[in-house]
Amino acid sequence: MSTIASELNLILLGPPGAGKGTQADRLREDFPLAYIATGDMLREARAQGTDLGAQAQEHMDRGDLVPDEVVIGIALERLSADDARDGFLLDGFPRTVPQADALSEEMANLGRRITAVLLVDVPDEEIVRRISGRRVSKAGRTYHVEYDPPKHPGRCDVDGTPLEQREDDKPEVVLARLKKYHQATSPLIDYYEKQGLLRHFDGSLPPVEVHDKIRATLATLRLEDEL
Ligand code: ADP
Ligand code: AMP
């Protein structure tokens, strides 16, 4: 089985607060991709009071990563769901080399391949500003009080539900998350660069410009795939 030309299997990589979720919201309007955000899945599990949620809680609140075996299990299970068969957008997974290895193995087993890894990069000093102004809807849509405000303050543009601030968006937790990113996740830049999959985007540009550049890259990749 080979990857069909139109299948887009994408990974969004970058530090917390770089704008991965923001770009994911926009890309999902362009392409019918299954959106797989492990952070959203873990928050949902916590909200529902499941065992998984309880296991994840202390790690998340400290700004630590949830153990690989837990996250790999939920991410790969979600990847094998029907709606992910024709393409997916991974956001926040993989975050460690063992997670990336597990994903590669699963893709090989399924006879599929990653189309591209979209690195959205932003300098550390901008991250805290971004995260402190972040507001999210219950469904996970992302806004910023200053940079990307909703049309009606405090309400989601899409479903009108109240916007909230995430628990782990407090400044002291943000610094721990950033440190973890540099230690455990940034080696994936090299990992995917070596595989020729990495595409770099300057996340300090306005959201619409980052989106335009990603779309242009994806258009080129799809053309290359059809040749
Ligand atoms: P991530 O998913 O990478 O953690 P988010 O997409 O949640 O990051 O973005 C973090 C915050 O920064 C949000 O409040 C979002 O509205 C804002 N943001 C995202 N992209 C940009 C951008 N290009 N310029 C300015 N602010 C942005
Ligand atoms: P996010 O919504 O992607 O910022 O993730 C929020 C938190 O969930 C992270 O700080 C981690 O504690 C946890 N998490 C999400 N995805 C992963 C992952 N792939 N590996 C380990 N922990 C994760």
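The paragraphs below set out a description of the structure included in this document. Fair warning: this is a prediction, and the values are worked out from it, not measured in the lab.

Section: the overall build of the chain
Right, on to step 1. The number of helices and strands found in the chain is nine helices and seven strands.
Right, on to step 2. Whereas a compact globule of 227 residues would reach a radius of gyration of roughly 17 Å, the chain reaches 17 Å, a difference of no more than 12%.
Right, on to step 3. On the principal axes, the C-alpha backbone points of the chain span a range of 45 × 35 × 30 Å.
Right, on to step 4. Looking at the chain residue by residue over its 227 residues, the buried ones come to 48%.
Right, on to step 5. In the chain, the share of contacts with a sequence separation of at least 24, taken over all contacts with a separation of at least 6, comes to 72%.
Right, on to step 6. Accessible surface, the chain: about 11,500 Å² in total, of which carbon and sulfur atoms supply 51%.

Regarding the environment of Val136
Right, on to step 1. Looking at the element boundaries, Val136 is found in strand 5 (residues 134–136).
Right, on to step 2. Put simply, Val136 and Thr22 are 114 residues apart on the chain and 10 Å apart in space, counted from C-alpha to C-alpha.

Focus: the pairing of strand 1 (residues 8–13)
Right, on to step 1. By the criterion of burial, strand 1 is predominantly enclosed, with six of the six residues buried.
Right, on to step 2. Pairing between strand 1 and strand 3 (residues 87–91): five bridges, direction parallel. Each residue of the ladder has a partner; that of Leu12, found in strand 3, is Asp91.
Right, on to step 3. With four bridges joining them, strand 1 and strand 4 (residues 116–121) adopt parallel strand pairing. What sits directly across from Leu13, in strand 4, is Leu119.

Some thoughts on the packing of helix 2 (residues 38–47) against helix 4 (residues 68–79)
Each pair of packed helices gets described by two things: the angle between the helix axes and the distance between those axes.
Right, on to step 1. Across the interface, helix 2 lies against helix 4 with an axial gap of 11 Å and an inter-helix angle of 105 degrees. If you check the angle between helix 2 and helix 4, you find them roughly perpendicular. In this structure, helix 2 contributes Thr38, Met41 and Leu42 to the contact, and helix 4 contributes Val71, Ile74, Ala75 and Arg78.

Overview of helix 6 (residues 124–132)
Right, on to step 1. Of the positions making up helix 6, those classed as buried are Glu126, Ile127, Arg130 and Ile131. Each buried residue of helix 6 sits inside an arc of 125 degrees when the element is viewed along its axis, so together they form one side.
Right, on to step 2. Residues of helix 6 that are buried in the fold lie against strand 5, strand 6 (142–144) and helix 7 (171–185).

Some words on the site of ligand 1
Right, on to step 1. Close to ligand 1 lie 19 residues; Gly21, Thr22, Arg134, Tyr143 and Leu205 are nearest.
Right, on to step 2. Within the contact set of ligand 1, a nitrogen atom lies 3.3 Å away from a side-chain nitrogen or oxygen of Arg130.
Right, on to step 3. At the level of secondary structure, the elements contributing two or more residues to the shell around ligand 1 comprise helix 1 (20–30) and strand 6.
Right, on to step 4. Taken together, the residues of the shell around ligand 1 sort by class into eight nonpolar, seven polar and four charged.

Rules of the game
Residues numbered from 1 in each chain as written. Chains lettered and ligands numbered in written order. Predicted model: local features only at pLDDT ≥ 70, side-chain atom pairs only at ≥ 80, totals over all residues. Heavy atoms only, no water. Helix = DSSP H or I, 4+ residues; strand = E, 2+ residues; numbered from the N terminus. Rg over C-alpha atoms; globule rule 2.2 N^0.38 Å. Buried < 20%, exposed > 50% of the residue type's maximum accessible area, 1.4 Å probe, protein only. Contact = heavy atoms within 4.5 Å. Areas by Shrake-Rupley, 256 points an atom, 1.4 Å probe, with all protein chains shown as cover. Pairing = 2+ DSSP bridges. Axes fitted to C-alpha atoms, helices over the stretch in contact; angles between N-to-C directions. Parallel < 35°, antiparallel > 145°, perpendicular 65-115°, else oblique. Arc of directions from axis to C-beta. Near = heavy atom within 4 Å. Polar contact = N/O pair within 3.5 Å; in protein donor to acceptor, adjacent residues only side chain to side chain. Nonpolar A, V, L, I, M, F, W, Y, C, P; charged D, E, K, R; others polar.

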